[in-house]
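This is what each chain is made of:
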Amino acid sequence: ESPVTDGRHVYVYVGNLGLWAFDLKGKLVWTTPLEANPIYLDFGTGSSPALAGNLLVIVNDNEKQQYIAAFNKQTGKQVWRTNRDLGGKSQPVQRSAWATPFVWRNALRTEIVAIGPGEVVSYDLAGKELWRMSGMSATPVPMPFAYDGLLYINGGRGRPLFALRPGAKGNISLVNDQTSNEYVVWSHQRAGTYLPSSVAYDGAVYSLTETGILSRFDAKTGKLTYKTRIDPAATAFTTSPWAYNGKLFCLSEEGQTFVISAGEDFNLLHVNALDDFTLASPALVGERLLIRTEKRLYSIREGKSAANAKHGL
């Protein structure tokens, strides 16, 4: 799990231990212990917490009892907890998942979207179910995200990539050979990925597999623009891709960052080596790029000379 911050406190969640809040000087503000639950094959937990206003939200899909819960971020006291029980009669063999919930603030409402084994479920801020959709993998990891008014759901390895419009209610699952319905704008079969989350940039959605296959889709229509291996050396990816300044960046487990031009044509521009093992997705914070490898934490930003040249100084 990755910590989350509101700029005043840092909130830490360790799935089988509990929650902690620290101020920005590292002083403990509160802690809330949580019960330990078994995880499929003892893989451990991986779903990070999310902030929704005054609520700190966690999802714990485990082998005993799947649940989503919200805590007061000021005190750590539980506000509500809702059991998930995903899958019904078609419930997967295992019940564990590792996907981080996403707080979707759309034009109609704010909802908490949580992918689990076999299904994705959205909740209101009181923990009441709004809608659900089947089609997720049995071992979901990628996180949902919103872009240009739509919600994008990566169903996991071998499963579809979905684009949804706001306002859904009830069961919105696709049936038979459907690729869309009232709330599913489009879906693309087998476009989901195992570990990396997809990223949207400049009118497109990019999905990267753990084996280095990159696909580009039109964000509005779902049309596949290209699907290709990044490079013969690009073979293992856990981190999610990121994009800025007209480029897409894919960081491999071996510490190589493959820089690809954004656009309809695939073009590998550079390969930057950190010479260190990495599994954590980088973070963009203001003008800085933060990369955590096995041995180091990197803070990268544009040099003064490059910035001055860009602005004509």
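Residues numbered from 1 in each chain as written. Predicted model: local features only at pLDDT ≥ 70, side-chain atom pairs only at ≥ 80, totals over all residues. Heavy atoms only, no water.

This brings us to the side chain of Asp61. Mapped onto the elements of the fold, Asp61 is located in the loop between strand E6 (55-60) and strand E7 (67-72). Once residues within four sequence positions are removed from consideration, Asp61 is found in contact with Ile39, Gln66, Tyr67, Arg84, Leu86, Arg95, Ser96, Ala97, Ile115, Gly116 and Pro117. (Helix = DSSP H or I, 4+ residues; strand = E, 2+ residues; numbered from the N terminus. Contact = heavy atoms within 4.5 Å.)

With that settled, the discussion passes to the sheet that holds strand E15 (residues 161-164). Spatially, the four strands line up as an open sheet ordered E13-E14-E15-E17, and their pairing is antiparallel. Edge positions in the open sheet fall to strand E13 (145-147) and strand E17 (184-188), since each of these has one partner strand only. Averaged over all pairs of adjacent strands, the angle between their axes in this sheet comes to 25°, without regard to strand direction. With three bridges connecting them, E13 and strand E14 (residues 150-154) associate as antiparallel partners. By the bridge assignment for E14, Ala146 is matched with Leu151. (Pairing = 2+ DSSP bridges. Axes fitted to C-alpha atoms, helices over the stretch in contact; angles between N-to-C directions.)

This part takes up the sheet that holds strand E2 (residues 9-14). Ordered by their spatial adjacency, four strands build an open sheet running E1-E2-E3-E4, and the pairing between neighbours is antiparallel. Lying at the two open borders of the sheet, with one neighbouring strand each, are strand E1 (4-5) and strand E4 (28-33). Here E1 pairs with E2 via two bridges, running antiparallel. Residue pairing in the sheet places Thr5 in a bridge with Val10 of E2.

Attention shifts here to the pairing of strand E9 (residues 102-105). Summarising the sheet, E9 and strand E10 (residues 110-115) pair through four bridges and their orientation is antiparallel. Residue pairing across strands places Arg105 opposite Thr110, the latter belonging to E10.

With that out of the way, let us pick up the nonpolar core. Val120, Trp131, Met133, Leu151, Ile153, Phe162 and Leu164 are the most contacted members of the largest nonpolar core, which has 19 residues in total. Top element by residues in this core is strand E12 (residues 129-134). It accounts for three residues. Beyond its immediate chain neighbours, meaning those up to four positions away, Trp131 contacts Arg109, Glu111, Val113, Val120, Val121, Ser122, Leu151, Leu164, Ala168, Lys169, Gly170 and Ile172. (Core = buried A, V, L, I, M, F, W, Y, C linked by side-chain atoms within 4.5 Å. Buried < 20%, exposed > 50% of the residue type's maximum accessible area, 1.4 Å probe, protein only.)

In a structure, side chains of opposite charge can pair up when their charged atoms sit close to one another. Scanning all chains against the criterion turns up 11 salt bridges. In this structure, Glu35 and Arg81 form a salt bridge, with 3.0 Å as the shortest nitrogen-oxygen distance. With a gap of 46 residues between them, Glu35 in the loop between E4 and strand E5 (50-52) and Arg81 in strand E8 (residues 78-83) connect regions that are remote in the sequence. Assessed through its relative accessible area of 32%, Glu35 is described here as partly exposed. Here Arg81 falls in the partly exposed class, since its relative accessible area comes to 33%. Notably, a salt bridge pairs Arg132 with Glu119, separated by 2.9 Å at the nearest N-O pair. Of the two residues, Arg132 is situated in strand E12 and Glu119 in strand E11 (residues 119-123); the sequence distance between them amounts to 13 residues. (Salt bridge = Lys/Arg side-chain N within 4 Å of Asp/Glu carboxyl O.)

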